[in-house]
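Summary of the model geometry
Here's the letter readout for the chains.
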Amino acid sequence: MPSPSGLIEPQSVKPFRSGYFGASIKLQPGYTAGVITSLYLSNNEAHPGFLMSGHRILGDNIWKPYTLQTNVYIRGSGDGKIIGREMKFRLWFDPTSDFHHYAILWNPREIIFWWMIFP
C-alpha cells in the first residue's frame, strides 16, 4: 500500500540476518528524468544509521539512458561520517520492455547484487 508520499515501502514482520531479497520490476517508458525506482535493505531499525544496501534505477531522458546504481553504506546517519560506495552501470537491456528481476543476496560475509539473473 502506498504511503502518503506515494512510496510503496513493504517491511518484514520479523528481522532477517541474511537472505535473498528480490523483486521483478518493469519501469515506466518515456521521459522519466528525476524518477528513481529502488530495491533496498536496511537494518536501521535494529541499529540506527548502520547499514543500507540497494539498487537504484535512475530515470531516462534523451541524453542519459537508464542507469543502475548500487549502494552500500554504513553509518548512514547523515552526520557526515558515512562510509560506503556507489557504482553505476549502463543497462544493456530495456528495463521498460518487460519485468526484470533485481535482487540482493545478503549474508554475514558479503553483499551480492543481481539483475537479470547475473551477479
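Residues numbered from 1 in each chain as written. Predicted model: local features only at pLDDT ≥ 70, side-chain atom pairs only at ≥ 80, totals over all residues. Heavy atoms only, no water.

**Quick look at the overall build of the protein**
Scanning the protein for helices and strands turns up zero helices and seven strands. Taken from N to C terminus, the helices and strands of the protein fall in the order β-β-β-β-β-β-β. Put simply, the protein has 119 residues, and 30% of those count as buried. Expressed as a percentage of contacts within the protein between residues at least 6 apart in sequence, the contacts between residues at least 24 apart total 46%. By element, 59% of the accessible surface of the protein is carried by carbon and sulfur atoms, the whole surface being about 8600 Å². (Helix = DSSP H or I, 4+ residues; strand = E, 2+ residues; numbered from the N terminus. Buried < 20%, exposed > 50% of the residue type's maximum accessible area, 1.4 Å probe, protein only. Contact = heavy atoms within 4.5 Å. Areas by Shrake-Rupley, 256 points an atom, 1.4 Å probe, with all protein chains shown as cover.)

**A look at the nonpolar core**
With 14 residues, the main nonpolar core has Ile 57, Leu 68, Leu 91, Tyr 102 and Trp 115 as its most contacted residues. Ranked by the residues each element gives to this core, the list is headed by strand β6 (residues 100-106), at three residues. Dropping the residues within four chain positions of it, Ile 57 is found in contact with Leu 27, Val 35, Ile 36, Thr 37, Tyr 66, Thr 67, Leu 68, Leu 91 and Tyr 102. (Core = buried A, V, L, I, M, F, W, Y, C linked by side-chain atoms within 4.5 Å.)

**Thoughts on the environment of Gly 19**
Here Gly 19 shows up in strand β1 (residues 19-25). Considered as a pair, Gly 19 and Leu 105 are 86 residues apart in the sequence and their alpha carbons are 5.8 Å apart. If sequence neighbours within four positions are ignored, Gly 19 has contacts with Ile 104, Leu 105 and Trp 106.

**Considering the environment of Leu 58**
Tracing the chain through its elements places Leu 58 in strand β3 (residues 51-58). Since its relative accessible area comes to 18%, Leu 58 is described here as buried. Sequence-wise, Leu 58 and Thr 32 are 26 residues apart; in three dimensions their C-alpha atoms are separated by 8.4 Å. Each residue touching Leu 58, except ones within four places of it in the same chain, is listed here: Val 35, Ile 36, Tyr 66, Thr 67, Gln 69 and Lys 88.

**A closer look at the sheet that holds β1**
Across the sheet, three strands lie side by side as β1-β6-β7; this open sheet has antiparallel pairing. The sheet terminates laterally at β1 and β7 (111-115), the two strands that pair on one side only. Ignoring strand direction, the axes of neighbouring strands in this sheet form an average angle of 10°. As judged from the five bridges shared by β6 and β7, these two strands associate in the antiparallel manner. When the sheet's bridge partners are listed, Ile 104 is paired in β7 with Phe 113. (Pairing = 2+ DSSP bridges. Axes fitted to C-alpha atoms, helices over the stretch in contact; angles between N-to-C directions.)

**A word on the side chain of His 100**
Considering the arrangement of structural elements, one finds His 100 in strand β6. Only 2.9 Å separates the side chain of His 100 from the backbone oxygen of Asp 98, close enough to count as a polar contact. (Polar contact = N/O pair within 3.5 Å; in protein donor to acceptor, adjacent residues only side chain to side chain.)

**Comments concerning the packing of aromatic side chains**
Inspection of every chain in the model, using the stated rule, returns one aromatic pair. Note on Trp 92 and Phe 93: the rings are 5.2 Å apart at their centroids and 85° apart in plane angle, and the pair reads as edge-to-face. (Phe/Tyr/Trp six-rings, centres within 6.5 Å; stacked < 30°, edge-to-face > 60°.)

**A word on the environment of Thr 67**
Within the secondary structure, Thr 67 is located in strand β4 (residues 67-74). Remark: the alpha-carbon pair of Thr 67 and Arg 90, spanning 23 residues in sequence, is separated by 4.8 Å. Among all residues touching Thr 67, those that are not within four sequence positions of it are Arg 56, Ile 57, Leu 58, Lys 88, Phe 89 and Arg 90.

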